[in-house]
Amino acid sequence: MSTILITGATSGLGRYVAFELVRSGHIVLAHGRDPDRTRRLVAELRAEGEAEGFVADLASLTQVRELGARVAQTRPELDVLVNNAGVGGGARGLGRETSSDGHELRLAVNYLAPVALTRALLPVLRANAPARIVNVGSAGQEPLDFDDPELGRGYSGVSAYCRAKFALVAHTFALAEELEGTGVAVNVLHPATYMDTAMVREAGVAPWNSVADGAPGVLALATRNLGTGGYFDGTRPARAHEAAYDPQVRKRLAAVTDQLLAK
(Lines give C-alpha, C1' and ligand atoms only; values in the text may rest on other atoms or scores of the structure.)
Protein backbone atom coordinates (compact mmCIF):
# COMPACT_ATOMS: atom_id res chain seq x y z
CA MET A 1 0.00 0.00 0.00
CA SER A 2 1.15 3.54 -0.73
CA THR A 3 1.38 6.80 1.19
CA ILE A 4 -0.33 9.34 -1.04
CA LEU A 5 -0.45 13.13 -0.78
CA ILE A 6 -3.49 14.69 -2.47
CA THR A 7 -3.66 18.46 -2.83
CA GLY A 8 -7.09 20.07 -2.83
CA ALA A 9 -8.61 17.12 -0.98
CA THR A 10 -11.37 18.91 0.93
CA SER A 11 -13.84 19.10 -1.94
CA GLY A 12 -14.71 17.88 -5.42
CA LEU A 13 -12.53 15.33 -7.16
CA GLY A 14 -9.80 15.41 -4.51
CA ARG A 15 -12.23 14.52 -1.75
CA TYR A 16 -13.74 11.66 -3.73
CA VAL A 17 -10.32 10.26 -4.62
CA ALA A 18 -9.15 10.54 -1.00
CA PHE A 19 -12.00 8.34 0.22
CA GLU A 20 -11.50 5.79 -2.56
CA LEU A 21 -7.81 5.51 -1.71
CA VAL A 22 -8.18 5.27 2.06
CA ARG A 23 -10.88 2.60 1.65
CA SER A 24 -8.43 0.64 -0.50
CA GLY A 25 -5.95 0.58 2.38
CA HIS A 26 -3.65 3.41 1.30
CA ILE A 27 -2.42 6.07 3.75
CA VAL A 28 -3.91 9.38 2.63
CA LEU A 29 -2.24 12.70 3.32
CA ALA A 30 -5.00 15.20 2.68
CA HIS A 31 -4.07 18.78 1.86
CA GLY A 32 -6.54 21.62 2.25
CA ARG A 33 -6.43 25.40 2.41
CA ASP A 34 -8.97 25.77 5.23
CA PRO A 35 -7.91 24.33 8.62
CA ASP A 36 -11.44 23.48 9.80
CA ARG A 37 -12.47 21.77 6.57
CA THR A 38 -9.20 19.86 6.49
CA ARG A 39 -9.69 18.73 10.11
CA ARG A 40 -13.25 17.56 9.40
CA LEU A 41 -12.14 15.68 6.30
CA VAL A 42 -9.36 13.87 8.14
CA ALA A 43 -11.78 12.84 10.91
CA GLU A 44 -14.07 11.32 8.25
CA LEU A 45 -11.18 9.63 6.46
CA ARG A 46 -9.91 8.12 9.73
CA ALA A 47 -13.24 6.36 10.14
CA GLU A 48 -12.23 4.43 6.99
CA GLY A 49 -8.45 4.07 7.43
CA GLU A 50 -5.22 5.96 8.04
CA ALA A 51 -5.07 9.66 7.15
CA GLU A 52 -3.30 12.87 8.10
CA GLY A 53 -4.08 16.48 7.24
CA PHE A 54 -1.81 19.24 5.95
CA VAL A 55 -2.89 22.86 5.62
CA ALA A 56 -1.38 25.35 3.16
CA ASP A 57 -2.49 28.11 0.82
CA LEU A 58 -1.12 27.13 -2.59
CA ALA A 59 -1.35 30.76 -3.70
CA SER A 60 1.74 31.32 -1.54
CA LEU A 61 4.96 29.74 -2.78
CA THR A 62 6.38 30.02 0.73
CA GLN A 63 3.50 27.94 2.07
CA VAL A 64 3.85 25.47 -0.80
CA ARG A 65 7.51 24.90 0.03
CA GLU A 66 6.73 24.66 3.76
CA LEU A 67 4.07 22.05 2.93
CA GLY A 68 6.64 20.02 1.03
CA ALA A 69 9.11 20.25 3.90
CA ARG A 70 6.47 19.19 6.48
CA VAL A 71 5.35 16.21 4.44
CA ALA A 72 8.93 15.12 3.77
CA GLN A 73 9.78 15.33 7.47
CA THR A 74 6.67 13.69 8.92
CA ARG A 75 5.99 11.18 6.14
CA PRO A 76 9.35 10.13 4.69
CA GLU A 77 7.66 7.03 3.25
CA LEU A 78 5.65 9.15 0.76
CA ASP A 79 5.62 7.45 -2.63
CA VAL A 80 2.73 9.07 -4.52
CA LEU A 81 1.96 12.77 -5.10
CA VAL A 82 -1.35 13.80 -6.66
CA ASN A 83 -1.28 17.46 -7.70
CA ASN A 84 -5.04 17.97 -7.84
CA ALA A 85 -5.75 21.41 -6.34
CA GLY A 86 -6.73 24.09 -8.80
CA VAL A 87 -8.49 27.36 -9.45
CA GLY A 88 -10.98 27.56 -12.32
CA GLY A 89 -11.51 30.34 -14.80
CA GLY A 90 -13.61 32.20 -12.24
CA ALA A 91 -17.00 33.85 -12.47
CA ARG A 92 -17.84 35.64 -15.70
CA GLY A 93 -16.57 39.18 -15.77
CA LEU A 94 -14.07 38.55 -12.99
CA GLY A 95 -10.89 40.57 -13.49
CA ARG A 96 -7.29 39.50 -13.21
CA GLU A 97 -6.37 38.26 -9.73
CA THR A 98 -2.94 37.79 -8.22
CA SER A 99 -1.43 35.45 -5.66
CA SER A 100 0.23 36.57 -2.44
CA ASP A 101 3.51 36.59 -4.39
CA GLY A 102 2.05 38.86 -7.07
CA HIS A 103 1.74 36.15 -9.72
CA GLU A 104 -1.38 35.77 -11.87
CA LEU A 105 -3.55 33.58 -9.65
CA ARG A 106 -4.39 30.76 -12.05
CA LEU A 107 -0.81 30.33 -13.15
CA ALA A 108 0.29 30.44 -9.50
CA VAL A 109 -2.09 27.78 -8.16
CA ASN A 110 -2.53 25.55 -11.21
CA TYR A 111 1.09 25.52 -12.36
CA LEU A 112 3.71 27.16 -10.14
CA ALA A 113 2.41 25.50 -6.96
CA PRO A 114 2.50 21.92 -8.26
CA VAL A 115 5.94 22.51 -9.78
CA ALA A 116 7.29 23.92 -6.50
CA LEU A 117 5.67 21.17 -4.42
CA THR A 118 6.97 18.45 -6.72
CA ARG A 119 10.49 19.86 -6.52
CA ALA A 120 10.30 19.95 -2.72
CA LEU A 121 9.17 16.31 -2.56
CA LEU A 122 11.32 14.81 -5.31
CA PRO A 123 14.12 13.66 -2.95
CA VAL A 124 11.59 11.68 -0.90
CA LEU A 125 9.85 10.25 -3.96
CA ARG A 126 13.16 9.23 -5.52
CA ALA A 127 14.18 7.55 -2.27
CA ASN A 128 10.94 5.56 -2.28
CA ALA A 129 10.97 4.48 -5.93
CA PRO A 130 8.98 3.07 -7.57
CA ALA A 131 7.01 6.26 -6.98
CA ARG A 132 4.41 8.23 -8.91
CA ILE A 133 3.44 11.83 -9.58
CA VAL A 134 -0.04 12.46 -10.95
CA ASN A 135 -0.80 15.92 -12.33
CA VAL A 136 -4.48 16.70 -12.76
CA GLY A 137 -4.63 18.74 -15.94
CA SER A 138 -7.37 19.59 -18.38
CA ALA A 139 -8.31 19.12 -22.02
CA GLY A 140 -8.54 22.91 -22.05
CA GLN A 141 -4.98 23.82 -23.09
CA GLU A 142 -3.68 27.02 -24.62
CA PRO A 143 0.04 27.70 -25.19
CA LEU A 144 1.65 30.38 -23.05
CA ASP A 145 2.71 33.67 -24.55
CA PHE A 146 6.30 33.68 -23.31
CA ASP A 147 6.45 37.45 -23.72
CA ASP A 148 3.46 37.78 -21.38
CA PRO A 149 3.30 34.53 -19.35
CA GLU A 150 1.19 36.08 -16.59
CA LEU A 151 -1.41 37.44 -19.01
CA GLY A 152 -1.00 41.09 -18.12
CA ARG A 153 -2.61 42.08 -21.43
CA GLY A 154 -6.10 41.14 -22.63
CA TYR A 155 -6.89 39.14 -19.52
CA SER A 156 -9.40 36.29 -19.60
CA GLY A 157 -9.91 33.90 -16.68
CA VAL A 158 -10.65 31.00 -19.02
CA SER A 159 -7.54 31.72 -21.07
CA ALA A 160 -5.45 32.01 -17.90
CA TYR A 161 -6.76 28.63 -16.74
CA CYS A 162 -6.07 26.96 -20.10
CA ARG A 163 -2.56 28.43 -20.28
CA ALA A 164 -1.71 27.20 -16.79
CA LYS A 165 -2.98 23.72 -17.63
CA PHE A 166 -0.99 23.70 -20.87
CA ALA A 167 2.12 24.62 -18.87
CA LEU A 168 1.43 21.75 -16.46
CA VAL A 169 1.15 19.28 -19.36
CA ALA A 170 4.35 20.47 -21.05
CA HIS A 171 6.17 20.46 -17.69
CA THR A 172 5.00 16.89 -17.05
CA PHE A 173 6.53 15.69 -20.30
CA ALA A 174 9.82 17.45 -19.56
CA LEU A 175 9.94 16.14 -15.98
CA ALA A 176 9.30 12.59 -17.16
CA GLU A 177 12.39 12.82 -19.38
CA GLU A 178 14.40 14.31 -16.53
CA LEU A 179 13.37 11.49 -14.17
CA GLU A 180 13.87 8.67 -16.65
CA GLY A 181 15.61 5.76 -14.96
CA THR A 182 14.93 6.98 -11.41
CA GLY A 183 11.82 4.88 -10.85
CA VAL A 184 9.65 7.98 -10.43
CA ALA A 185 6.83 8.05 -12.99
CA VAL A 186 5.03 11.29 -13.80
CA ASN A 187 1.84 11.55 -15.85
CA VAL A 188 -0.88 14.12 -16.48
CA LEU A 189 -4.57 13.64 -17.18
CA HIS A 190 -7.84 15.29 -18.05
CA PRO A 191 -10.11 13.52 -15.52
CA ALA A 192 -13.51 14.34 -17.06
CA THR A 193 -15.22 17.30 -18.71
CA TYR A 194 -17.16 19.81 -16.59
CA MET A 195 -17.42 17.73 -13.43
CA ASP A 196 -19.89 18.75 -10.73
CA THR A 197 -17.44 20.89 -8.77
CA ALA A 198 -17.46 24.37 -7.25
CA MET A 199 -15.01 25.43 -9.97
CA VAL A 200 -17.45 24.50 -12.74
CA ARG A 201 -20.52 25.90 -11.01
CA GLU A 202 -18.71 29.19 -10.32
CA ALA A 203 -18.14 29.54 -14.06
CA GLY A 204 -21.89 29.25 -14.63
CA VAL A 205 -21.56 25.93 -16.48
CA ALA A 206 -24.08 23.12 -16.00
CA PRO A 207 -22.01 20.03 -15.04
CA TRP A 208 -21.69 17.26 -17.62
CA ASN A 209 -20.12 14.67 -15.33
CA SER A 210 -19.85 13.77 -11.65
CA VAL A 211 -16.58 13.66 -9.74
CA ALA A 212 -17.04 9.88 -9.69
CA ASP A 213 -16.65 9.98 -13.47
CA GLY A 214 -13.30 11.75 -13.13
CA ALA A 215 -11.88 9.56 -10.37
CA PRO A 216 -10.91 6.35 -12.25
CA GLY A 217 -8.16 8.04 -14.26
CA VAL A 218 -6.59 9.59 -11.17
CA LEU A 219 -6.87 6.36 -9.19
CA ALA A 220 -5.31 4.32 -11.99
CA LEU A 221 -2.31 6.63 -12.37
CA ALA A 222 -1.85 6.84 -8.59
CA THR A 223 -1.93 3.11 -7.94
CA ARG A 224 -0.83 1.31 -11.11
CA ASN A 225 2.26 1.21 -13.26
CA LEU A 226 1.10 2.92 -16.46
CA GLY A 227 4.46 4.13 -17.69
CA THR A 228 5.67 7.72 -17.55
CA GLY A 229 5.41 10.91 -19.58
CA GLY A 230 1.84 10.19 -20.66
CA TYR A 231 -1.26 12.33 -21.14
CA PHE A 232 -4.55 10.62 -20.41
CA ASP A 233 -8.18 11.46 -21.09
CA GLY A 234 -9.77 9.71 -18.14
CA THR A 235 -8.21 6.25 -18.19
CA ARG A 236 -7.32 6.33 -21.90
CA PRO A 237 -3.95 7.43 -23.32
CA ALA A 238 -4.58 10.54 -25.40
CA ARG A 239 -2.83 13.36 -27.24
CA ALA A 240 -2.27 16.72 -25.57
CA HIS A 241 -1.92 20.06 -27.36
CA GLU A 242 0.73 19.60 -30.03
CA ALA A 243 2.84 22.50 -28.76
CA ALA A 244 3.38 20.64 -25.46
CA TYR A 245 5.54 18.12 -27.35
CA ASP A 246 7.79 20.81 -28.87
CA PRO A 247 11.26 20.70 -27.23
CA GLN A 248 11.77 24.43 -27.85
CA VAL A 249 8.46 25.28 -26.14
CA ARG A 250 9.41 23.13 -23.16
CA LYS A 251 12.87 24.73 -23.01
CA ARG A 252 11.36 28.24 -22.95
CA LEU A 253 8.78 27.14 -20.40
CA ALA A 254 11.51 25.82 -18.11
CA ALA A 255 13.38 29.14 -18.29
CA VAL A 256 10.24 31.18 -17.58
CA THR A 257 9.24 28.82 -14.76
CA ASP A 258 12.60 29.20 -13.03
CA GLN A 259 12.34 32.98 -13.34
CA LEU A 260 8.83 33.05 -11.85
CA LEU A 261 9.69 30.69 -9.01
CA ALA A 262 12.73 32.78 -8.13
CA LYS A 263 10.66 35.95 -7.63
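Undergrad: Please provide a residue-by-residue account of the packing of helix H1 (residues 12–23) against helix H7 (residues 211–223), values included.
TA: In contact at an axis separation of 9 Å, H1 and H7 are set at 55 degrees when each is read in the N-to-C sense. Taken together, the axes of H1 and H7 lie oblique to each other. In the crossing of H1 with H7, the sense of the turn from one axis to the other is right-handed. Of the residues in H7, those in contact with Gly 12, Leu 13, Tyr 16, Val 17, Glu 20 and Leu 21 of H1 are Val 211, Ala 212, Gly 214, Ala 215, Val 218, Leu 219 and Thr 223. Its residues placed into classes, the contact of H1 with H7 shows nine nonpolar, three polar and one charged.

Undergrad: So, the sheet that holds strand S1 (residues 3–6): which residues are in play, and what are the values?
TA: Paired through backbone hydrogen bonds, the strands of a sheet run either parallel or antiparallel to each other. Taken in spatial order, the eight strands make up an open sheet running S3-S2-S1-S4-S5-S6-S7-S8, and their pairing is mixed. What marks the edges here is a single partner per strand, and that holds for strand S3 (51–55) and strand S8 (236–237). Where S1 and strand S2 (residues 27–32) come together, four bridges link them in parallel fashion. Paired with Thr 3 across the strands is Ile 27, a residue of S2. Across the sheet, helix H2 (residues 35–46) lies against S2 and S3, angled at about 170 degrees from S3, the strand it touches most. Seen against the sheet, helix H5 (residues 157–178) touches strand S5 (131–136), strand S6 (184–190) and strand S7 (231–233) and runs at an angle of roughly 155 degrees to S6.

Undergrad: Which residues make up the pairing of S2, and what are the values?
TA: Extensive coverage of S2 is indicated by the burial of six of its six residues. Here S2 shows two buried faces, one formed by Ile 27, Leu 29 and His 31 and the other by Val 28, Ala 30 and Gly 32. Taken together, S1, H1 and S2 form a β-α-β motif whose crossover is right-handed. Running through H2, the crossover from S2 to the neighbouring parallel element S3 is right-handed.

Undergrad: Please give an account of the side chain of Ser 99 that cites residues and values.
TA: The residue Ser 99 is located in the loop between strand S4 (80–83) and helix H4 (105–127) in this model. Contact partners of Ser 99, with chain neighbours within four places excluded, come to Ala 59, Leu 105 and Ala 108.

Undergrad: Got a sec to walk through helix H8 (residues 247–262)? Specific residues and values, please.
TA: Between its first and last C-alpha atoms H8 spans 23 Å; for 16 residues at 1.5 Å apiece the expected length is 22 Å, and the two agree. Residues of H8 that are buried include every one of Val 249, Arg 250, Leu 253, Val 256, Thr 257, Leu 260 and Leu 261, and no others. Along H8, the residues classed as buried sweep out an arc of 130 degrees about the axis, all on the same side. Those residues of H8 that are exposed and angled more than 90 degrees off the buried face are Pro 247, Lys 251, Gln 259 and Ala 262. Elements in contact with the buried residues of H8: helix H3 (61–74), H4 and H5. With a side-chain oxygen lying 2.8 Å from the backbone nitrogen of Gln 248, the N-terminal cap of H8 falls on Asp 246.

Undergrad: So what's going on with the pairing of S4? Which residues, and what values?
TA: Where burial is concerned, the two faces of S4 agree: the one with Val 80 and Val 82 and the one with Leu 81 and Asn 83 are both buried. Where S1 lies against S4, three bridges are found, and the strand directions are parallel. Bridging from a neighbouring strand, Leu 5 pairs with Leu 81 of S4.

Undergrad: If you had to explain the nonpolar core to someone new, which residues and values would you point to?
TA: Counting residues in each nonpolar core, the largest one holds 54 residues, and the members touching the most others are Leu 5, Val 71, Leu 78, Tyr 111, Leu 121, Leu 125 and Ile 133. Elements represented by at least two residues in this core include exactly S2, H3, H4, S5, H5, S6 and H8. Here Val 71 is in contact with Leu 5, Leu 29, Phe 54, Pro 76, Leu 78 and Leu 121, once residues within four sequence places are set aside. In terms of nonpolar packing, the next biggest core, distinct from the first, is built from 27 residues, Val 82, Leu 189, Ala 215 and Ala 222 among them.

Undergrad: Please set out unusual backbone geometry residue by residue, giving values where relevant.
TA: Cis geometry marks the peptide bond from Ala 129 to Pro 130; its omega dihedral reads 5 degrees. Tracing the chain through its elements places Pro 130 in the loop between H4 and S5. Even without being a glycine, Leu 151 presents a positive backbone phi close to 55 degrees. For Leu 151, the location among the structural elements is in the loop between S5 and H5.

Undergrad: Before we move on, could you go through the pattern of salt bridges and cite the residues and values that matter?
TA: Scanning the entire structure with this criterion turns up 14 salt bridges. A salt bridge links Arg 153 to Asp 145, with the nearest nitrogen and oxygen atoms 3.6 Å apart. Taking relative accessible area as the criterion, Arg 153 reaches 54% and is therefore assigned exposed. Glu 177 is the partner of Arg 250 in a salt bridge, and the nearest nitrogen-oxygen pair spans 2.7 Å. Of this pair, Arg 250 sits in helix H8 while Glu 177 sits in helix H5; the two residues are 73 residues apart in sequence, bridging distant segments of the chain. Residue classification places Arg 250 among the buried residues on the basis of a relative accessible area of 12%. Overall, the relative accessible area of 52% leaves Glu 177 in the exposed class. Through salt bridges with shared partners, a single network forms among Glu 50, Glu 52, Arg 75 and Glu 77.

Rules used throughout
In every chain, residue numbers begin from 1 and rise along the written sequence. In keeping with the predicted nature of the model, local features appear solely for residues at pLDDT of at least 70, side-chain atom pairs appear and are counted solely at 80 or more, and the whole-chain, interface and lining totals rest on all residues. For side-chain calculations, the full set of non-hydrogen atoms in the structure is used, while hydrogens and water are omitted. Geometry is summarised by axes, namely lines fitted to C-alpha atoms with helices restricted to the contacting stretch, and by angles between N-to-C directions that run from 0 to 180 degrees. Helix and strand assignments follow DSSP, with helices taken as H or I runs no shorter than four residues and strands as E runs no shorter than two, numbered in order from the N terminus. Note on terminology: angles under 35 degrees are roughly parallel, angles over 145 are roughly antiparallel, angles of 65 to 115 are roughly perpendicular, and the others are oblique. For a crossing to be left-handed, the near helix must be turned anticlockwise from the far one by less than a right angle; the clockwise case is right-handed. We call two residues in contact whenever any of their non-hydrogen atoms come within 4.5 Å of each other. The residue classification treats Ala, Val, Leu, Ile, Met, Phe, Trp, Tyr, Cys and Pro as nonpolar and Asp, Glu, Lys and Arg as charged. All others, Gly included, are polar. One requirement defines pairing of two strands: DSSP has to find at least two bridges between them. Here's how the labels work: a residue is buried when its accessible area is under 20% of the maximum for its type, exposed when over 50%, partly exposed in between, all with a 1.4 Å probe on protein chains only. Handedness of a crossover is defined as follows: orient the strands so they point away from the viewer, and if the path from the first strand over the helix to the second runs clockwise, the crossover is right-handed. To estimate the expected span of a helix, subtract one from its residue number and multiply by 1.5 Å. The arc in question is formed by the directions pointing from the helix axis toward the C-beta atoms. For the purposes of these results, a polar contact is taken to be a pair of N or O atoms within 3.5 Å, where, inside protein, one atom must be able to donate a hydrogen and its partner to accept one; residues adjacent in sequence count only when each atom of the pair is a side-chain atom. Here the nonpolar core consists of buried residues drawn from Ala, Val, Leu, Ile, Met, Phe, Trp, Tyr and Cys, with membership extended through side-chain atoms lying within 4.5 Å. Any Lys or Arg side-chain nitrogen located within 4 Å of an Asp or Glu carboxyl oxygen qualifies as a salt bridge.

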